[in-house]
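Each chain is listed here by its residues.
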Amino acid sequence: MKIISVVGARPNFMKVAPIHKAFIKFNIEHQVTSIQYPGSSTQHPVPSLVRRSNSAVGIQHLICHTGQHYDEKMSKVFFEDLELPKPDFYLGVGSGSHAEQTAKVMIEFEKILLNEKPNLIIVVGDVNSTIACSLTAVKLGIKVAHVEAGLRSGERKMPEEINRILTDSISDFLFVTEKSGLENLKREGVPDSNVFFVGNVMIDSLIHYLPKADKSNILYNFQLETCNYCLVTLHRPSNVDSPENVKKILALLNELSQKRKIIFPVHPRTLSVINDLNLTNNLNLNLNLNLNLILTDPIGYIDFLALTKNAELVITDSGGIQEESTYLGVQCITVRDNTERPVTVVEGTNQLIGTDLEKVKEAALKVLNGENKTGSIPELWDGHAAERIVKLLIN
Ligand code: UD1
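Asker: Hey, could you go over the domain arrangement of the protein for me, with residue numbers and the actual values?
Answerer: Looking at the assigned domains, one finds that the protein contains domain 1 (2-199 + 381-394) and domain 2 (212-368). With 24 residues of domain 1 in contact, the opposing surface of domain 2 contributes 21 residues. For the pair domain 1 and domain 2, the summed buried surface comes to about 1,800 Å²; carbon and sulfur atoms form 58% of the total. Among the ionic pairs, lysine 73 bridges to aspartate 297, the shortest N-O distance being 2.7 Å.

Asker: Which residues make up the nonpolar core, and what values do they have?
Answerer: Core analysis: the largest hydrophobic core is formed by 56 residues, its most contacted members being Leu82, Ile122, Tyr301 and Leu307. Looking at which element gives the most residues to this core, the answer is helix α1 (residues 10-29), with 8 residues. Shared between two domains, this core holds at least three residues of each, these being domain 1 (2-199 + 381-394) and domain 2 (212-368). Non-local contacts of leucine 82, meaning those with residues more than four positions away in its chain, are made with Phe13, Met14, Ala17, Lys21, Ser205, Tyr209 and Tyr301. Formed by 27 residues, the second largest nonpolar core is a distinct cluster that contains Leu253, Val273, Ile274 and Ala364.

Asker: Describe the layout of surface pockets, and please don't skip the residues or the numbers.
Answerer: Think of a ball as big as a water molecule: rolled over the atoms, this probe shows where empty space is left. Estimated volume of the largest pocket: approximately 1,100 Å³. Surrounding the largest pocket, 50 residues form its lining, Ala9, Pro11, His69, His235 and His267 being those nearest its centre. Where the lining of the largest pocket is concerned, the elements lending two or more residues are α1, α3 (98-116), α5 (159-170), β11 (261-265), α11 (268-276), α13 (301-310) and α14 (319-328). Here the element with the most residues in the lining of the largest pocket is α1; it accounts for 5 residues.

Asker: Please set out the sheet that holds strand β10 (residues 229-233) residue by residue, giving values where relevant.
Answerer: Strand order in the open sheet formed by 6 strands is β12-β11-β10-β13-β14-β15, with parallel pairing between adjacent strands. Each of the sheet's edge strands pairs with one partner strand only, and the pair in question is β12 (293-296) and β15 (350-352). Taken pair by pair, the neighbouring strands of this sheet meet at an average axis angle of 20 degrees, ignoring direction.

Asker: Residues and numbers for the site of the ligand, please.
Answerer: Near the ligand you find 19 residues, and of these Gln68, His69, Asn128, Glu160 and Arg269 are the closest. Aspartate 71 has a polar backbone atom sitting 2.9 Å from an oxygen atom of the ligand. Within the side chain of arginine 269, a nitrogen or oxygen atom sits 2.8 Å from an oxygen atom of the ligand. Alone, the ligand offers 740 Å² of accessible surface; in the complex the protein occludes 84% of this.

Asker: Please provide a residue-by-residue account of the packing of α3 against helix α4 (residues 128-139), values included.
Answerer: Where α3 contacts α4, the two axes come as close as 8 Å, and the packing angle between them is 45 degrees. In terms of their interaxial angle, α3 and α4 are classed as oblique. Crossing hand, α3 versus α4: right-handed. For the pair formed by α3 and α4, the contact residues are His98, Gln101, Thr102, Val105, Met106, Phe109, Glu110 and Leu113 on the first element and Asn128, Ser129, Ala132, Cys133, Leu135, Thr136 and Ala137 on the second.

Asker: Explain helix α17 (residues 385-394) to me, and be specific about the residues and the numbers.
Answerer: Since the α-helix advances by 3.6 residues per turn, residues separated by three or four positions end up pointing in the same direction. Listed as buried for α17 are Ala385, Ala386, Ile389, Val390 and Leu393. Along the long axis of α17, the arc covered by the buried residues comes to 135 degrees, so they all point the same way. Tucked inside the fold, the buried residues of α17 contact α1, β6 (120-124), β7 (143-149), β8 (173-176) and α7 (201-213).

Asker: I'd like to hear about the sheet that holds β8, residue by residue, with values.
Answerer: With parallel pairing, the 7 strands of this open sheet are ordered in space as β5-β4-β1-β6-β7-β8-β9. Looking at strand neighbours, the two that pair on one side only are β5 (89-90) and β9 (195-197), the edges of this open sheet. In the packing of α3 onto the sheet, the strands contacted are β1 (2-7), β4 (60-65), β5 and β6, and the crossing angle to β1 comes to about 165 degrees. Helix-sheet contacts for α4 involve β1, β6 and β7, and the interaxial angle to β6 is about 160 degrees.

Asker: Describe unusual backbone geometry, and please don't skip the residues or the numbers.
Answerer: Even without a glycine there, the phi angle at glutamine 223 is positive, about 55 degrees. Mapped onto the elements of the fold, glutamine 223 is located in the loop between α8 (218-221) and β10. The exposure class of glutamine 223 is exposed, given its relative accessible area of 53%. One non-glycine residue with positive phi stands out, namely cysteine 227, at about 60 degrees. Residue position: cysteine 227 is located in the loop between α8 and β10.

Here is what the cut-offs are and how they apply
As a convention, each chain's residues are numbered from 1 in the sequence order in which they are written. With pLDDT at 70 or above as the cut-off, local features in this predicted model cover only qualifying residues; side-chain atom pairs require 80 or more to be listed or tallied, and sums for whole chains, interfaces and linings still use all residues. Heavy atoms throughout the structure, all of them, feed into the side-chain values; hydrogens and water do not. In this entry, domain limits derive from an automatic or database-based domain assignment. Residue contacts are counted whenever heavy atoms from the two residues lie within 4.5 Å of one another. Buried area adds together the accessible area that both of two parts lose upon being put together, with accessible area traced by a 1.4 Å probe. Only one rule defines a salt bridge in this text: a Lys or Arg side-chain nitrogen within 4 Å of an Asp or Glu carboxyl oxygen. Definition of nonpolar core: a set of buried residues of the types Ala, Val, Leu, Ile, Met, Phe, Trp, Tyr and Cys, connected through side-chain atoms within 4.5 Å. Note on classification: 1.4 Å probe, protein chains only; a residue is buried when its accessible area is under 20% of the maximum for its type, exposed when over 50%, partly exposed between these limits. Secondary structure elements are defined from DSSP: runs of H or I of at least 4 residues count as helices, runs of E of at least 2 residues count as strands, and each element is numbered from the N terminus. Points on a 1 Å grid, built from protein atoms alone, make a cavity when a 1.4 Å probe fits but cannot get out and make a pocket when they are open with protein on both sides within 12 Å along at least 5 of 7 lines; residues with an atom within 4 Å of a point are the lining residues. Grid points are joined across faces, edges and corners, and a volume is the space filled by probe spheres set on the points. A pair of strands counts as paired when DSSP detects no fewer than two bridges linking them. Comment: axis = line fitted to C-alpha atoms, over the contacting stretch for helices; angle = value between 0 and 180 degrees taken between N-to-C directions. By convention in these notes, a residue is near a molecule or strand provided one of its non-hydrogen atoms lies within 4 Å of it. Counting of polar contacts relies on pairs of N or O atoms within 3.5 Å, with two restrictions inside protein: one atom must be capable of donating a hydrogen and the other of accepting it, and residues adjacent in sequence are counted only when both atoms are side-chain atoms. The Shrake-Rupley method, run with a 1.4 Å probe, gives the accessible areas here. Residue values count only the displayed protein chains as cover. Here the angle decides the label: under 35 degrees means roughly parallel, over 145 means roughly antiparallel, 65 to 115 means roughly perpendicular, and every other value means oblique. What makes a crossing left-handed is the near helix being turned counterclockwise from the far one by less than a right angle; a clockwise turn instead makes it right-handed. This arc is built from the directions going out from the helix axis to the C-beta atoms.

Next comes the structure, spelled out in structure tokens:
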């Protein structure tokens, strides 16, 4: 069986890494020593079972990187941190409008599918590469597995929501991370037989790499103390595409930095807006002089995990960070009006505050004054989701 997993943007890498490892583990456990490539009648010996994906398989698991994210700090560092092999295919599509990006991925991915003729493709999450590759595959009659299926924010203006709905509607195997996903898919008429509640592959990566994160020097490098700083990530178009709003966000962070040190790894999308602002003149805040407000480049997986684990508070609009902070029991304020991951609010430490920055400030001050939300770890977020997926696919 030949399977191609797709990665495109930063949040995809930590989801595919455990799936890749689970395929390797499956092959080792089943003592696969040789493989027959499609179109060939010869059995090729597998020289070393723990070598790269495409030589270590009875299940041949290949990785296709669309190149949606291409900066070293948005992509390469994650392959290193997550011990992923170099992608078998790199489409190099880069940035563009939604239509351009999606269309370029489709054109390039179709060539790979026609050449490779996989039995199945695996897509993860909700980025443009997810819908582009699943649509390309189904049109060629190739089966699609969607990992992190069923999540719904109910906000159709969010590009990811459209990607989620469309991808789920054409997928053959839908792997769900939390119970709300089961209800959403049922409501949309997806047959139960295609839907599997398996847990959260991103949490698989987190659990696997936590010991490494504990050895990270990142807190020392930024002179941060455990449980005595805020970690901020904001990159959603709804928050950062308006320069006026970015100014307000920076003013809020400047104010909060009187209370705690703040570290804000800045996404390229947010950075381009910040760069266009003439901050010293317009905002009366000189970021270079405020040592308590650290704006820095995007940070790699292991170091970022260390920053999340040790933060007193995380302020974010990311989907994945809501889940990671819930698993780690770290206080999280989500600067969005809705979440497709309600379990992080109902069971976890996440508070959905909305985009009104006065309310964000109020909620943040409460946490910094010790008013914490207690939480628990959602069902099946146990480090074994990828193994469940591989078992189900093989069965
Ligand atoms: C994408 C995903 C979003 C995810 C986010 C994580 C979609 C619709 N959105 O948003 O769900 O949360 O990734 O980061 O797929 N850029 C660079 N270097 C890069 C990548 C991007 O400079 O390596 C800049 C480009 O100017 C680009 C902009 O960032 O136009 C946005 O990138 P894009 O991939 O379109 O979407 P994200 O905002 O990153």
